[in-house]
Amino acid sequence: MQIQFKYGASPLEHNKKYMTKSDTLEIETVKFYLSNIEIEFDDKSKIKPKNNYYLIDWDNPKSFFIPIASRQNKIVSKVTFNIGVDSTASVSGALSGNLDPTNGMYWAWQSGYINMKIEGKSNSCKTRKNQFQFHLGGYLKPNYAIRKIEIPIQKNQIQNEAIKVIADLGNLFSEISLKETNSIMIPGKAAMEIADLSAKIFSVE
């Protein structure tokens, strides 16, 4: 499985200005966890990758590729995954690998992991250096920020055995006014609302 970043119809680029109905913005950082990934076939059988947690980092192209076992000539019908880290890992303390706190995606045991981090700048933001920061997370109800994604797959959407999952940031920012919402750094109602919107960025091409 491969993650591809886009903004609308074009690849997402650094140092490029993007426009919405209300804002002009530049995106500087995009990082998120994908977990509990499953590939389902038309016979209802399923396979999972070796690891359960994958940190996708826009600045690290190697992270875009998630190895999946051979499909054994079966037809893929659906891909499912979670955006974020579940409560079990969040309360387990400092972990290693993709869940290592040095990756900059861990708050503390009280709040757990940051499921998705998006940062950039926009003149609409009356903040220091016109920055916006969305750090979305929370593993305790009612602020449980993990979102489950289910994407049906058509036969013509798989090329060279690869499932290409698109992360289109344009679908997120078209729903946000950066003048009104530009800093979310803790679990809460605002983080839940943006987490709902973040689920809309994923599709299969």
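Summary of the structure given here.

About the criteria used
Residues numbered from 1 in each chain as written. Predicted model: local features only at pLDDT ≥ 70, side-chain atom pairs only at ≥ 80, totals over all residues. Heavy atoms only, no water. Phe/Tyr/Trp six-rings, centres within 6.5 Å; stacked < 30°, edge-to-face > 60°. Helix = DSSP H or I, 4+ residues; strand = E, 2+ residues; numbered from the N terminus. Buried < 20%, exposed > 50% of the residue type's maximum accessible area, 1.4 Å probe, protein only. Contact = heavy atoms within 4.5 Å. Pairing = 2+ DSSP bridges.

1. Thoughts on the packing of aromatic side chains
On inspection of all chains with the given rule, the structure shows 11 aromatic pairs. Where F5 meets F32, the ring centres are 5.9 Å apart and the plane angle is 55°; that geometry is what we call tilted. A residue pair is termed long-range when its members are at least 10 positions apart, and F5 in strand β1 (residues 2–7) and F32 in strand β4 (residues 24–41) qualify at 27 residues. Taken as a pair, F5 and F32 share a single burial class, namely buried. Seen in terms of ring centroids, Y33 and Y113 are 5.8 Å apart; in terms of plane orientation they differ by 85°. Their pairing is edge-to-face. Linking Y33 in strand β4 with Y113 in strand β9 (residues 112–122), this pair joins segments that are 80 residues apart in sequence.

2. As for the environment of V165
Structurally, V165 is set in strand β15 (residues 162–168). Overall, the relative accessible area of 0% leaves V165 in the buried class. When the C-alpha positions of V165 and Q4 are compared, they lie 6.2 Å apart, and in sequence the two are 161 residues distant. The residues touching V165, leaving out its near neighbours within four places in the chain, are M1, Q2, I3, Q4, F81, F202, S203 and V204.

3. Describing the pairing of strand β10 (residues 131–137)
With respect to burial, β10 is a largely interior element, five of its seven residues being buried. With two bridges connecting them, β10 and strand β16 (residues 183–184) associate as parallel partners. Looking across to β16, one finds that F134 is bridged to I184.

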